[in-house]
Amino acid sequence: MQIGFFDSGVGGITVLHDALKILPNEDYVYYADTLNVPYGPKPKDQVKKYIFAAVDFIVKQQVKAVVIACNTATSVAIEDLRVKYDIPIIGMEPAVKPAVEKNKNVNKRVLVTATALTLKEKKLKNLITKLDNRHIVDLLPLPGLVQFAEKIEFRDEVVLPYLEEQLSQFDLRQYETIVLGCTHFSFYKDMFRKLLPVHTAIIDGNMGTIKNLKRYLEKMQTINEGKGNVIFYNSGVRIDDKEKLANYSKLFKRLDSISV
Ligand code: DGL
């Protein structure tokens, strides 16, 4: 059986890219909700409806697990999804825990970047309240990066000025770690690297999510059932035209080119 991957758009490709490395002998279904992306600026109830419509569709494609490769969707719907479906639903949340723990003995700060919806949801708020008793965590929404990724826009001269302007609100020397808490942002790791001081670590939750998926598959004893095939759906429509598939190839190439 296949493994379902879901994101509002192309962000989940950054997670699938890691899955294909760690679990190459699986087949995948990738669902991008292209009709409704971006989720970040929209109201929670509306986004929840989109998520359930998408996951209903994915579950009908004979999948053995679903990875919610979207921090925003995880933060608004993961508990309800787990109640509704009886296959493993693997979510992802901004990697605040490793970031705060890593900074325990240094007098520096953590910057958590994510969508506006993730940043205002109680899932993240509760996590920060629990972990951040020294008040070292700052928050930054970066909706422009979601828009750029959806347009497959990776040129330095277009994206860097936006990112530089957003980061200029902070004294970057104070930051030990920056958390990429939205899967779209991982397409721009190299640009973050260019703008941040060398001592600032950049972390996302992608690899942790795939390791989690692997643990589930091992537990279910359903590992290594495929050949690394991926079927793409854009809001329920199977993608087989060359132009759209070529766009997905561009995204994988982009990720292959990032060595950060
Ligand atoms: N990729 C998504 C995330 O990880 C959300 C982007 C959006 O739709 O605004 O949060």
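Read on for an overview of the structure.

1. Some points on the pattern of salt bridges
Under the criterion given, the structure shown has 15 salt bridges. A salt bridge links Lys 64 to Glu 26; the shortest N-O distance between them is 2.7 Å. A residue pair is termed long-range when its members are at least 10 positions apart, and Lys 64 in strand 3 (residues 63-68) and Glu 26 in the loop between helix 1 (13-22) and strand 2 (28-32) qualify at 38 residues. Across this residue pair, the class does not change: Lys 64 and Glu 26 are buried. Close ionic contact of Lys 123 with Glu 93 constitutes a salt bridge, the shortest N to O distance being 2.9 Å. Of this pair, Lys 123 sits in helix 6 (residues 122-131) while Glu 93 sits in the loop between strand 4 (89-90) and helix 4 (96-102), and the two are 30 residues apart along the sequence. By relative accessible area, Glu 93 is classed as partly exposed at 37%. Among the charged side chains, a network of salt bridges with common partners joins Glu 26, Lys 64 and Glu 225.

2. Here's the deal with the layout of surface pockets
Volume-wise, the largest pocket comes out at about 270 Å³. Around the largest pocket, the lining comprises 15 residues; the ones closest to its centre are Asp 18, Lys 21, Lys 189, Asp 204 and Asn 206. Listing elements by their share of the lining of the largest pocket, those giving two or more residues are helix 1 and helix 10 (206-220). Counted by class, the lining of the largest pocket contains four nonpolar, six polar and five charged residues.

3. Details of the packing of helix 1 against helix 10
Between helix 1 and helix 10, the shortest axis-to-axis distance is 9 Å and the interhelical angle comes to 50°. One element, helix 1, and the other, helix 10, form an angle in the oblique class. Where helix 1 crosses over helix 10, the handedness of that crossing is right-handed. Residues Thr 14, Val 15, Asp 18, Ala 19 and Ile 22 of helix 1 pack against Asn 206, Met 207, Thr 209, Ile 210 and Lys 214 of helix 10. A breakdown of the residues in the contact of helix 1 with helix 10 according to their chemical character gives five nonpolar, three polar and two charged.

Definitions and limits used
Residues numbered from 1 in each chain as written. Predicted model: local features only at pLDDT ≥ 70, side-chain atom pairs only at ≥ 80, totals over all residues. Heavy atoms only, no water. Salt bridge = Lys/Arg side-chain N within 4 Å of Asp/Glu carboxyl O. Helix = DSSP H or I, 4+ residues; strand = E, 2+ residues; numbered from the N terminus. Buried < 20%, exposed > 50% of the residue type's maximum accessible area, 1.4 Å probe, protein only. 1 Å grid on protein atoms, 1.4 Å probe; cavity = no way out; pocket = protein on both sides within 12 Å on 5 of 7 lines; lining within 4 Å. Points joined across faces, edges and corners; volume = space filled by probe spheres on them. Nonpolar A, V, L, I, M, F, W, Y, C, P; charged D, E, K, R; others polar. Axes fitted to C-alpha atoms, helices over the stretch in contact; angles between N-to-C directions. Parallel < 35°, antiparallel > 145°, perpendicular 65-115°, else oblique. Left-handed = near helix turned anticlockwise from the far one by under 90°. Contact = heavy atoms within 4.5 Å.

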